[in-house]
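Observations on the model geometry
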Amino acid sequence: MESIFDRIWRLGPAGLVLKAIIVAVIADALLLAFILLRRTYRKRYFARRDARVFECGKNGMRSFLENSFCLLA
């Protein structure tokens, strides 16, 4: 049974193009995965940050610090 590498080798220059296409598809998939992972991380980060800012604005800075950090008594 012939391996896939032997089949690509027999294609000649077309084999080189096929390898380039495969590498490009893999690179695109990795880039897309990175973008989606980063987007998810940033979505959660900014949601937590916005909740803190909203709480600070709603109750005022003093009550925010008292409730969250117990710095002012």
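Residues numbered from 1 in each chain as written. Predicted model: local features only at pLDDT ≥ 70, side-chain atom pairs only at ≥ 80, totals over all residues. Heavy atoms only, no water.

1. Points about the overall build of the protein chain
For the protein chain, the helix and strand inventory stands at three helices and zero strands. In sequence order, the secondary structure elements of the protein chain are arranged as α-α-α. Residues counted as buried form 7% of the 73 residues belonging to the protein chain. (Helix = DSSP H or I, 4+ residues; strand = E, 2+ residues; numbered from the N terminus. Buried < 20%, exposed > 50% of the residue type's maximum accessible area, 1.4 Å probe, protein only.)

2. Some remarks on the confidence of the model for the protein chain
A residue-level look at the protein chain finds 75% of positions with pLDDT of 70 or above and a mean pLDDT of 81. When pLDDT is averaged over each element of the protein chain, helix 2 (residues 13–59) comes out on top at 88 and helix 3 (residues 61–69) at the bottom at 63. (pLDDT = per-residue confidence, 0-100.)

3. Quick word on a nonpolar patch on the surface
Together, L11, L18, I22, I26 and L30 make up an exposed nonpolar region whose accessible area comes to about 460 Å². Mapping L11 onto the fold places it in the loop between helix 1 (4–10) and helix 2. (Patch = residues over 30% accessible without salt bridge, like charges linked within 9 Å, V, L, I, M, F, W, Y side chains within 5 Å. Areas by Shrake-Rupley, 256 points an atom, 1.4 Å probe, with all protein chains shown as cover. Salt bridge = Lys/Arg side-chain N within 4 Å of Asp/Glu carboxyl O.)

4. Let's talk about a positive patch on the surface
Taken together, the side chains of R39, K43, R44, R48 and R52 present a region of like positive charge at the surface. Tracing the backbone through its elements, the reader meets R44 in helix 2. (Lys, Arg positive; Asp, Glu negative; His and termini not counted. Charge placed at Lys NZ, Arg CZ, Asp CG, Glu CD.)

5. Details of the pattern of salt bridges
All told, the structure shown has one salt bridge when counted by the stated rule. Of the charged contacts in the structure, one is a salt bridge between R49 and D50, with a shortest N-O distance of 3.4 Å. Residue classification places R49 among the partly exposed positions, given a relative accessible area of 36%. Taking the relative accessible area as the measure of exposure, D50 reaches 41% and is therefore partly exposed.

6. Quick notes on the packing of aromatic side chains
Under the defined criterion, the tally for this structure stands at one aromatic pair. Ring centres of Y45 and F46 lie 5.0 Å apart, and the angle between their planes is 75°; on these two criteria the pair is classed as edge-to-face. For Y45, a relative accessible area of 37% gives the class partly exposed. (Phe/Tyr/Trp six-rings, centres within 6.5 Å; stacked < 30°, edge-to-face > 60°.)

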